[in-house]
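# Structural overview
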Amino acid sequence: MKVRRIALLLAAAAVLEFFVGGSPHRRLLPVDWFLLATATVARSGNFVRAVLTGAAGGFLEDALSQPLLGVNAFAKAVIGYALTIVSVRVVFGGALAVGAALAAASLANEAIVAVLGALLLQSPVVVFSRDALWRAAATGVAGGALEAAWNFPWSEWWKRHRLRRLR
Amino acid sequence: MRPPNAHPEIATLNPRRGGAVLVTVLVGCVLILSAQARARSGRGTVLQAWILTVSAPLTHGVSSISRVVWDTVDSAADLLTARSENERLRRDLDTRERELFRLRAEMRQISEERRLALGGSAMPGVVGSVPVLLLEHRSGVHSILIGAGASEGVLPGSPLAVPGGLVGRVVAVGRSVSRAQLLLDASAAAGARIARTGELGVIRGDGRGALVLNNIATTSSVARGDSIESAGIDGIYPRGVPIGRVESVARGSKLFLEVRVAPSADFARLTDVLLLTPSPAAKESPEVSRSAVR
């Protein structure tokens, strides 16, 4: 994946973060857009870019919402590497598997951020709360839907649709 | 996620190089984190303030678009329920309705601001109302981005409230955007007072959306439904702002009761908040404002 495309992905993630986060329905759509951007890059199998995308996205997220800069960057860099390994080494596919992997990655992200927060800020460890589970589910569903849309044979579907209309 | 054969170029990608980059990134993150954790002043805060300032145009732009879009979606949803009754009539008035949607959204915004201003008259030292651009809750951290910064007179430590009650305090200030820590945050704390008995305690967020009132002796007569308000003893929050109502009282493990408090502010529906003047102690001592993040 080209660097320009990665930059576009991160910009889109930031825009979606604000677009949903600024709405009154934000609790319904708590998708981790930066994690989806990292997973998209990891899907191409490039370790270096996945790690750097995760770090950059996480850093941006930290600057906007976290008391410490670097916690999400740390978590997403690790997750970027792990997702690339899964993408390259493990033979599996389909929207369900991708959704499950992303939900697990979202929970792992929460856990790493919570542990780092506890170590550095002495704040209580809050892992796997209802919010975290809801965010993981939303991220998994969004990732699975994107995977399904990506693999869907749109051109064939369009041809069939046109033929049906002509008849 | 694809099988290895699906990407022929993968063979040319080196996981070892990726590992080396990962280790470098992680070491960098750890260095940045430890620098912030050690000093909690200077570079970390300045860097965050700088990033907030740089991202302000994007934040404001996307946020205002988001508001307009969501308001229109809401209006459309309201409308769909009545559409079956007067479909033909609505087709004729389509052009006018589009204008009406926009006006409705504007009116909703104005009435929300008016409601805040009316409620704010009971609050001490209200500076003005500011829009909430982003609400984030993750791993016990509950924070918001507000659309006001140093250029609007926001200072670190400025308390935030809604007519319902106390919301939190500003912790990082950019030029036109600031970040605030909510009372629900697992690291947030404020001096609180039981309005009926006058007993003082410390209210803390539990990181899961509720509040816990600490340091209330087992001899206290606190009961379910008692009103909790800010005590003004922490040098940060003004006195007498509602915080919540006692939800349950249980015997703690030691000398103190375990008092759970339901927040009176509706944190799920924050769209605008009132900015209050920071207390003189917070203005004079930047350490007081920094301690909020710990």
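A quick note: this is a predicted structure, and the numbers were derived from the prediction, not measured.

## Quick notes on the overall build of chain A
Scanning chain A for helices and strands turns up seven helices and zero strands. If you list the helices and strands of chain A from N to C, you get α-α-α-α-α-α-α. Buried positions account for 57% of the 167 residues belonging to chain A. Taking as baseline every contact in chain A between residues at least 6 positions apart, the subset at least 24 positions apart corresponds to 68%.

## Some remarks on the overall build of chain B
Counting its regular elements, chain B contains six helices and twelve strands. For chain B, the residues scored as buried account for 39% of the 294 residues in total. Excluding contacts between residues fewer than 6 apart, the proportion of contacts in chain B whose partners are at least 24 apart in sequence is 61%.

## Re the interface of chain A and chain B
On the chain B side, the residues contacting the 55 residues of chain A number 52 residues. If you list the elements that add at least two residues to the side of chain A that touches chain B, you get helix 1 (3–21), helix 3 (47–65), helix 4 (71–89) and helix 5 (95–121) of chain A. The leading source of residues in the side of chain A that touches chain B is helix 5 of chain A, at ten residues. When grouped by side-chain class, the residues that make up the side of chain A that touches chain B number 35 nonpolar, 15 polar and five charged.

## Some words on the sheet that holds strand 2 (residues 141–146) of chain B
Residue and element names in this part refer to chain B. With antiparallel pairing, six strands are arranged side by side around a closed barrel as 1-2-5-4-3-12. Mean inter-strand twist for the sheet, computed between neighbouring axes without regard to direction, equals 45°. By the bridge criterion, two bridges tie strand 3 (residues 159–162) to strand 12 (residues 272–276) in an arrangement that is antiparallel. Bridge pairing in strand 12 links L160 to L275.

## Things to note about unusual backbone geometry
Residues and elements named next belong to chain B. At N215, a position not held by glycine, the phi torsion is positive, near 65°. Within the secondary structure layout, N215 lies in the loop between strand 8 (211–214) and strand 9 (227–230). Judged by the 15 C-beta atoms lying within 10 Å of it, N215 falls in the partly exposed class.

## Brief notes about the confidence of the model for chain A
Close inspection of predicted coordinates is inappropriate for parts of the model with low pLDDT. Overall, the prediction assigns chain A a mean pLDDT of 86, with 96% of residues at 70 or greater. Predicted confidence in chain A is weakest over helix 7 (residues 154–166) of chain A, with a mean pLDDT of 84, and strongest over helix 2 (residues 33–43) of chain A, with 92.

## Structural notes on the nonpolar core
Counting residues in each nonpolar core, the largest one holds 113 residues, and the members touching the most others are V51 of chain A together with V167 and V273 of chain B. In terms of residues, this core owes the most to one element, helix 3 of chain A, which gives eleven residues. Once residues lying within four places of it in the same chain are set aside, the contact partners of V167 of chain B are L160, A161, V162, L182, L183, A265, L270 and V273 of chain B.

## Examining the confidence of the model for chain B
Residues and elements named next belong to chain B. Summing up the model confidence of chain B, the mean pLDDT is 79 and the portion of residues at 70 or higher is 82%. Note on residues 1–12: pLDDT is under 50 here. Beyond four places in sequence and across chains, it has 17 contacts. If you check the scores for this complex, the pTM reads 0.62 and the ipTM reads 0.75.

## Quick word on the sheet that holds strand 9 of chain B
The sheet built from six strands closes into a barrel, its strands ordered 6-7-8-11-10-9 (chain B) with antiparallel pairing. Each strand axis lies, on average, 40° off the axis of its neighbour in the sheet, ignoring direction.

## Structural notes on the packing of helix 2 of chain A against helix 4 of chain A
Residues and elements named next belong to chain A. At a closest axis distance of 8 Å, the pairing of helix 2 and helix 4 adopts a crossing angle of 40°. Classified by the angle between their axes, helix 2 and helix 4 sit oblique to one another. For the crossing formed where helix 2 meets helix 4, the hand is right-handed. Here helix 2 contributes F34, L35, T38, A39, A42 and R43 to the contact with helix 4, which in turn contributes K76, I79, G80, L83, T84 and S87. Tallied by class, the residues present in the contact of helix 2 with helix 4 amount to six nonpolar, four polar and two charged.

## Examining helix 5 of chain A
Under the 1.5 Å per step criterion, the end-to-end length of helix 5 of chain A is 38 Å for 27 residues, consistent within 8% with the ideal 39 Å. Residue Q122 of chain A follows helix 5 of chain A closely and has a positive phi angle near 55°.

## Observations concerning the pairing of strand 6 (residues 189–194) of chain B
All names here are of chain B. As paired elements, strand 6 and strand 7 (residues 200–205) share five bridges and run antiparallel to each other. Considered in strand 7, the bridge of G191 is made with V202. Hairpin connection between strand 6 and strand 7: a loop of five residues separates the two successive antiparallel strands, and G198 in this loop has a positive phi of roughly 80°.

## Examining the environment of R98 of chain B
Residues and elements named next belong to chain B. Mapped onto the fold, R98 is located in helix 4 (residues 94–120). The exposure class assigned to R98 is exposed, which follows from the 11 C-beta atoms found within 10 Å. Taking the C-alpha atoms as reference points, R98 and A76, 22 residues apart in sequence, are found 10.0 Å from one another.

## Some details on helix 6 (residues 130–151) of chain A
The end-to-end C-alpha distance of helix 6 of chain A, which contains 22 residues, comes to 31 Å, matching closely the 32 Å that a straight helix rising 1.5 Å per residue would cover. When we look at burial in helix 6 of chain A, the residues that qualify are D131, A132, R135, A136, A138, T139, G140, G143, G144 and E147 of chain A. Packing partners of the buried residues in helix 6 of chain A comprise helix 2 and helix 5 of chain A together with strand 1 (126–138) of chain B.

Thresholds applied
Residues numbered from 1 in each chain as written. Chains lettered and ligands numbered in written order. Predicted model: local features only at pLDDT ≥ 70, side-chain atom pairs only at ≥ 80, totals over all residues. Helix = DSSP H or I, 4+ residues; strand = E, 2+ residues; numbered from the N terminus. Buried ≥ 20, exposed ≤ 12 C-beta atoms within 10 Å, placed from the backbone. Contact = placed C-beta atoms within 7 Å. Nonpolar A, V, L, I, M, F, W, Y, C, P; charged D, E, K, R; others polar. Pairing = 2+ DSSP bridges. Axes fitted to C-alpha atoms, helices over the stretch in contact; angles between N-to-C directions. pLDDT = per-residue confidence, 0-100. Core = buried A, V, L, I, M, F, W, Y, C linked by C-beta atoms within 7 Å. Parallel < 35°, antiparallel > 145°, perpendicular 65-115°, else oblique. Left-handed = near helix turned anticlockwise from the far one by under 90°. Expected span 1.5 Å × (residues − 1).

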